[in-house]
Amino acid sequence: MIIVLKPDATQAQIDHIVKQITKLGLKPMISQGTERTIIGVIGPEDILRVTPLEVYPGVENVLPVLTPYKLAAREFKKEGTVIKISDNVIVGAKKIVVMAGPCAVENFDGLYEIGKAVKKAGAQVLRGGAFKPRTSPYSFQGLGEEGLKYLSQVGKDVGLATVTEVMDTRDVALVEKYADILQIGARNMQNFNLLKEVGLTKKPILLKRGPSSTIKDLLMSAEYILSGGNLNVMVCERGIRTFEDSTRNTLDVSAVPVIKYLSHLPVIIDPSHAAGKWNLVSPLAKAGVAAGCDGLIIEVHPHPEEALSDGAQSLLPEKFSQLMQELKVLAKALGREI
Ligand code: PEP
Ligand code: MN
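Note that the coordinates shown come from a computational prediction; the quantities given were computed from them, not determined experimentally. (Residues numbered from 1 in each chain as written. Chains lettered and ligands numbered in written order. Predicted model: local features only at pLDDT ≥ 70, side-chain atom pairs only at ≥ 80, totals over all residues. Heavy atoms only, no water.)

Caption draft 1: Expanded view of the side chain of T162. Among the structural elements, T162 can be located in strand β9 (residues 161–165). With a relative accessible area of 3%, T162 lands in the buried category. T162 has contacts with V125, L126, L151, G155, Y178, A179, D180 and I181, leaving out every residue within four places of it along the chain. (Helix = DSSP H or I, 4+ residues; strand = E, 2+ residues; numbered from the N terminus. Buried < 20%, exposed > 50% of the residue type's maximum accessible area, 1.4 Å probe, protein only. Contact = heavy atoms within 4.5 Å.)

This is how it looks when you write it as structure tokens:
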């Protein structure tokens, strides 16, 4: 249920409605639009049948939200969500935010070299996993807290915000201490306890689409985070499982306009995990930008053959730099910036 307020609704009227909703045991979530305020009502809506909210001063309309996700729905928020990552990094605005770096943080010097290179090429966020979700328990699992320290230090040294994955509810506080964006990996998209936990934090969340999940599933997972009180959620298309086996996953480019239609959340494209091969990363990144994404997350490594994970899909820094030049032209033609 959403309560659409009149354009001239006063703060006192809003406060009164919020108080009444809370009293009924429901949770009000406020969305402040440029023209009017909308209050999302979360909880068992049956109560509202006996307590009509239309009667409160300041209310224009009370509408049911027909989708199972409420706060993630476009109906709840007409304007696209804009997320402030740091003073000069904003996701969901005209500028497309590029996040780049190695799959995993491997050591300080290597990360510093990559950080310098991607910053120079125009990236705004440094990526790098410290907790790695590997298919095999014998593969490199990440450096843990040591990796988080390197990521945070390199980010500060070179002037980049940071994004890294959190895999476990027990690590949320730790990762939150070091990173600017918490990434929920594709494999954990439906780890509901983890979603609830990051919903309680204030940090922006990069929620990746599970390889076998529908867009509706993805938005339902986003809803878990939003309903916990964290409204800074961006969703990421990183390729899904199909019968096609010439790529690691199939990049669902249509997810960008579909999510933009259904939801107000910013959409990020990960061409690296979709492609699985470095030579396909550039065309898929361009496809994402052409489809209207708000950001890209791209794996870069100066020695892909020595990378401890995902070397095959990592771009050399010079290839990344070339891609950024090409994306600048494309973004400009589309009325965006990069
Ligand atoms: C990653 O970003 O390195 C990663 C493991 O991504 P995904 O969860 O999309 O597989
Ligand atoms: Mn990876």
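Caption draft 2: Spatial organisation of the coordination of the manganese ion (ligand 2). The protein atoms donating to the manganese ion (ligand 2) are C103 (SG), H273 (NE2), E299 (OE) and D310 (OD), with metal-donor distances spanning 2.0 to 2.4 Å. Every donor residue of the manganese ion (ligand 2) comes from the same chain, spaced as C-x169-H-x25-E-x10-D. In this pair, C103 sits in the loop between β7 (97–101) and α3 (108–121) while E299 sits in strand β14 (residues 295–299), placing the two residues 196 residues apart along the sequence. (Donors = N, O, S within 2.8 Å, 3.2 Å for Na, K, Ca; no water.)

Caption draft 3: Just the environment of L308, in detail. Examined against the element boundaries, L308 turns out to sit in the loop between β14 and α11 (317–333). Residues L308 and V105, spaced 203 residues apart in sequence, show a C-alpha to C-alpha distance of 9.0 Å. Non-local contacts of L308, meaning those with residues more than four positions away in its chain, are made with E106, R134 and F140.

Caption draft 4: Broad picture of the sheet that holds β14. Taken in spatial order, the eight strands close into a barrel running β7-β8-β9-β10-β11-β12-β13-β14, and their pairing is parallel. Adjacent strand axes in the sheet meet at a mean angle of 25 degrees when their direction is disregarded. In the sheet, strand β8 (residues 125–127) pairs with β9 via three bridges, with the strands oriented parallel. The residue of β9 that forms the bridge with R127 is V163. Lying on the sheet, helix α4 (residues 145–158) is in contact with β8 and β9; it crosses β9 at an angle near 160 degrees. (Pairing = 2+ DSSP bridges. Axes fitted to C-alpha atoms, helices over the stretch in contact; angles between N-to-C directions.)

Caption draft 5: Up close: the packing of helix α6 (residues 192–199) against helix α7 (residues 215–227). The interhelical angle for the contact between α6 and α7, taken along N-to-C directions, is 40 degrees, at an axis separation of 7 Å. Judged on the interaxial angle alone, α7 and α6 are oblique. The hand of the α6/α7 crossing is right-handed. Residue-level inspection shows F192, L195, K196, V198 and G199 of α6 in contact with α7, the latter providing S221, Y224 and I225. Tallied by class, residues from the contact of α6 with α7 come to five nonpolar, two polar and one charged. (Parallel < 35°, antiparallel > 145°, perpendicular 65-115°, else oblique. Left-handed = near helix turned anticlockwise from the far one by under 90°. Nonpolar A, V, L, I, M, F, W, Y, C, P; charged D, E, K, R; others polar.)

None of this, on its own, says anything about what the molecule does.
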